[in-house]
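# Fold and contact review
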Number of protein chains: 2
Amino acid sequence: MARYFIQNENPPKEKEEICPVTYTQNLTSGRWKLMILWYLSKGTKRFNELHRSLSGISKGILTRQLRELEEDEMVHREVYKEVPPKVEYSLTPKGVSFIPILDMMGEWGKKHLKSDQ
Amino acid sequence: MARYFIQNENPPKEKEEICPVTYTQNLTSGRWKLMILWYLSKGTKRFNELHRSLSGISKGILTRQLRELEEDEMVHREVYKEVPPKVEYSLTPKGVSFIPILDMMGEWGKKHLKSDQ
DNA sequence: CAGGATCCAGCATGATACTG
DNA sequence: CAGTATCATGCTGGATCCTG
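Residues numbered from 1 in each chain as written. Chains lettered and ligands numbered in written order. Predicted model: local features only at pLDDT ≥ 70, side-chain atom pairs only at ≥ 80, totals over all residues. Heavy atoms only, no water.

## Side note on the protein's contact with DNA strand C
Close to DNA strand C lie 21 residues, the nearest being Arg 31, Arg 64 and Gln 65 of chain A together with Arg 77 and Tyr 89 of chain B. Here the atoms of DNA strand C within 4 Å of the protein split so that 82% fall in sugar or phosphate, with bases taking the remainder. A distance of 3.1 Å separates a base nitrogen of DNA strand C from a polar atom in the side chain of Lys 59 of chain B. The contact in question runs from a phosphate oxygen of DNA strand C to an N or O atom on the side chain of Arg 67 of chain B, over 3.0 Å. Taken together, the elements giving at least two residues each to the surface near DNA strand C come down to α4 (59-71) of chain A together with α3 (47-53), α4 (59-71) and β3 (86-91) of chain B. (Near = heavy atom within 4 Å. Polar contact = N/O pair within 3.5 Å; in protein donor to acceptor, adjacent residues only side chain to side chain. Helix = DSSP H or I, 4+ residues; strand = E, 2+ residues; numbered from the N terminus.)

Structure (structure tokens):
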């Protein structure tokens, strides 16, 4: 995540109010985060499933972005104590509540992709 | 803009289909882009107005992000041939159509900012 | 006023090798 | 399988100086 310092509204900032849009932006900035949320919106996935779905991402980066999403309570990580290891990722309620935004971004993108041709 | 290579859906990619979500992400990634769109959603603004509103941004970066938004047809740049120069920025129809997403991000952020406390 | 042109630092991502 | 660790690199944004 970019984790930019939080951008404040200006001039009515009192007591360092955080801009909600920037808050949202911060949670979802990171090259693969939206795609991760997108795939998880279709259901629980294991680590390697995600890794295969997001072709191009390296395992290290996938791990890190998942950890950040977990830290921000967007994603839940469930570890099964088995050998070989099994770890399942799913959306938290907070993550689920983000899906409508993802859908709108998809709709918007689809529309303007067409008219760009 | 990050201008990441376009992420494709996987496996049903045929003929290099572009993921609409990634398209949207690409157009709006950049530290200040969402805030720029946000301020412009309130009406036409001059360069220095924007610069003052977005406290912390340098003029060089503001120029660059505005140029990218212009290139992506999100923002319209109107130059008045006067001395001293006057340049006004406003949203294009495409930019305006993005506002609902911005609003949702704001609402979502506001909600989860609270419950984070 | 509204930039353009450089240069540079930091950090996010990528590549690769290794592990319980 | 699901990572961790390390190193390499490329971009993004910031700082600074200059201009019509």
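## Some points on the packing of helix α2 (residues 33-40) of chain A against α4 of chain A
Residues and elements named next belong to chain A. Contact geometry of α2 with α4 gives a least axis separation of 10 Å together with a crossing angle of 75°. Considered as vectors, α2 and α4 are oriented roughly perpendicular to each other. Contact with α2, carried on its side by Lys 33, Ile 36 and Leu 37, involves Leu 62, Gln 65, Leu 66, Glu 68 and Leu 69 of α4 and no other residues of that element. Here the residues of the contact of α2 with α4 sort into five nonpolar, one polar and two charged. (Axes fitted to C-alpha atoms, helices over the stretch in contact; angles between N-to-C directions. Parallel < 35°, antiparallel > 145°, perpendicular 65-115°, else oblique. Contact = heavy atoms within 4.5 Å. Nonpolar A, V, L, I, M, F, W, Y, C, P; charged D, E, K, R; others polar.)

## As for the interface of chain A and chain B
You'll often see interface size given as the accessible area lost when the parts meet. Contacts between the two partners involve 44 residues from chain A and, on the opposite side, 44 residues from chain B. Each partner contributes to the roughly 4,100 Å² buried at the junction of chain A and chain B, and carbon and sulfur atoms together form 65% of this total. By the criterion of area lost to chain B, the three top residues of chain A are Val 21, Arg 31 and Trp 108 of chain A, representing 19% of everything that side buries. There are zero salt bridges connecting chain A and chain B. Contributing elements (two or more residues each) for the side of chain A that touches chain B: α1 (20-28), α2, α3 (47-53) and α5 (93-115) of chain A. (Buried area = accessible area lost by both parts, 1.4 Å probe. Salt bridge = Lys/Arg side-chain N within 4 Å of Asp/Glu carboxyl O.)

Just geometry here; none of it tells us what the structure is for.
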